[in-house]
Amino acid sequence: MNKSEKFWDRTAGNYDKTEERFEYIHNRSRDNAKEHLKETDVVLDYGCGTGTTACEIAGHVKEVQAIDISSRMVAIAKGKAADAKKANVNFAQGDIFDERYENESLDVILAFNMLHTVPDPEKVVQRTLELLKPGGAFISVTPCLGGKMTLLVRLQILLMRVLLAAGVIPIPIRRLRTADLDRLVAVKGFQAVRTEEIYKGASSYFVVARKG
Ligand SMILES: C[S@@+](CC[C@H](N)C(=O)[O-])C[C@H]1O[C@@H](n2cnc3c(N)ncnc32)[C@H](O)[C@@H]1O
């Protein structure tokens, strides 16, 4: 088990105890995403966490394949889908780089609150380009910890930097700015069709990029 998997396994049990501000960001991200989904879509939810978004969009699409590096997140997500009787959601432990995925097989790829934590976001974007069908959409929401934010959030980031330096948080947490996200999807083959700062106080940035 690698460091990242261990870390996310440790956080899984408490993940759903979100503060109100995160609930707002979650709801807004989901509602924005729904505007770009169709009943016929096969969706990959990359870094699905405890599966809340996957379950909430399931009724609006044909199928959701939801993956997460953490087996504990996936176990909680499976329980949630069973309780909510969501038969078209499939949760599995895995990464977007797994060989099981075929090029041009997906209509939509979601990456919610996770691009700032992966070792190489550029590689993730390239991979999404390969896996999306022409016309498919990459939909992300990303905390931009390098942007303007409230004093409370700045203090939380300071604490996080101490924990990162001490090795308590053993994963890369990038302090991205909205311009970094704009650059990330400004690659040949993608066109950004929507961007929105959905919560300025914590600088959460929503992006939809369509494959040409
Ligand atoms: C901050 S949580 C976000 C969860 C969910 N998408 C949400 O918006 O609530 C980040 C998630 O990404 C997962 N993750 C991190 N790196 C990953 C990777 N390389 N492959 C798959 N999942 C990953 C973590 O296990 C964690 O569940």
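Just above, that's the structure.
The model shown is predicted, which means the values in this text are computed figures rather than measured ones.

A. Summary view of the overall build of the protein chain. Check the secondary structure of the protein chain and you find seven helices and seven strands. Each helix (α) and strand (β) of the protein chain, taken in turn from the N terminus, gives the series α-α-β-α-β-α-β-β-α-β-α-α-β-β. Taking 2.2 N^0.38 as the reference for a compact globule, 212 residues should give roughly 17 Å; the C-alpha atoms of the protein chain span a radius of gyration of 16 Å, in line with that estimate. The dimensions of the protein chain, computed from C-alpha atoms along their principal axes, are 45 × 35 × 30 Å. In the protein chain, which comprises 212 residues, the share counted as buried stands at 36%. Partitioning the contacts of the protein chain with sequence separation of at least 6, the portion at a separation of at least 24 is 69%.

B. A look at the sheet that holds strand 1 (residues 42-46). Strand order in the open sheet formed by seven strands is 3-2-1-4-5-7-6, with mixed pairing between adjacent strands. Taken across any chain shown, the strands that pair with only one partner, and hence form the sheet edges, are strand 3 (89-93) and strand 6 (190-199). Here the strands of the sheet are splayed against their neighbours by 15° on average, with no regard to which way each runs. Summarising the sheet, strand 5 (residues 132-143) and strand 7 (residues 204-211) pair through seven bridges and their orientation is antiparallel. What sits directly across from Phe138, in strand 7, is Ala209. Seen against the sheet, helix 4 (residues 71-83) touches strand 2 (63-68) and strand 3 and runs at an angle of roughly 165° to strand 3.

C. Here's a closer look at the site of the ligand. Around the ligand there are 17 residues in total, and Trp8, Gly47, Gly49, Ile69 and Phe112 lie nearest to it. The set of elements that each furnish at least two residues to the shell around the ligand consists of helix 1 (3-12) and strand 2.

D. Quick peek at unusual backbone geometry. Its identity is not glycine, yet Glu104 carries a phi of approximately 55°, on the positive side. Residue Glu104 is classed as exposed on the basis of its C-beta count, with 12 C-beta atoms lying within 10 Å. Positive phi, normally seen in glycine, also occurs at Asn113, with a value near 60°. In this fold, Asn113 is placed in the loop between strand 4 (106-112) and helix 5 (121-131). Overall, Asn113 belongs to the partly exposed group, with 18 C-beta atoms counted inside 10 Å.

E. The pairing of strand 1, seen in detail. Counting buried residues along strand 1, four of its five residues qualify, which places the element largely inside the surrounding structure. Sheet topology places strand 1 next to strand 2; five bridges connect them, and they run parallel. Residue pairing in the sheet places Tyr46 in a bridge with Ile67 of strand 2. With helix 3 (residues 52-57) bridging strand 1 and the parallel strand 2, this β-α-β connection has right-handed handedness. In terms of strand pairing, strand 1 meets strand 4 through four bridges, oriented parallel. Paired with Asp45 across the bridge in strand 4 is Leu110.

Scoring rules and cut-offs
Residues numbered from 1 in each chain as written. Predicted model: local features only at pLDDT ≥ 70, side-chain atom pairs only at ≥ 80, totals over all residues. Helix = DSSP H or I, 4+ residues; strand = E, 2+ residues; numbered from the N terminus. Rg over C-alpha atoms; globule rule 2.2 N^0.38 Å. Buried ≥ 20, exposed ≤ 12 C-beta atoms within 10 Å, placed from the backbone. Contact = placed C-beta atoms within 7 Å. Pairing = 2+ DSSP bridges. Axes fitted to C-alpha atoms, helices over the stretch in contact; angles between N-to-C directions. Near = placed C-beta within 6 Å. Right-handed = clockwise from strand over helix to strand, strands pointing away.

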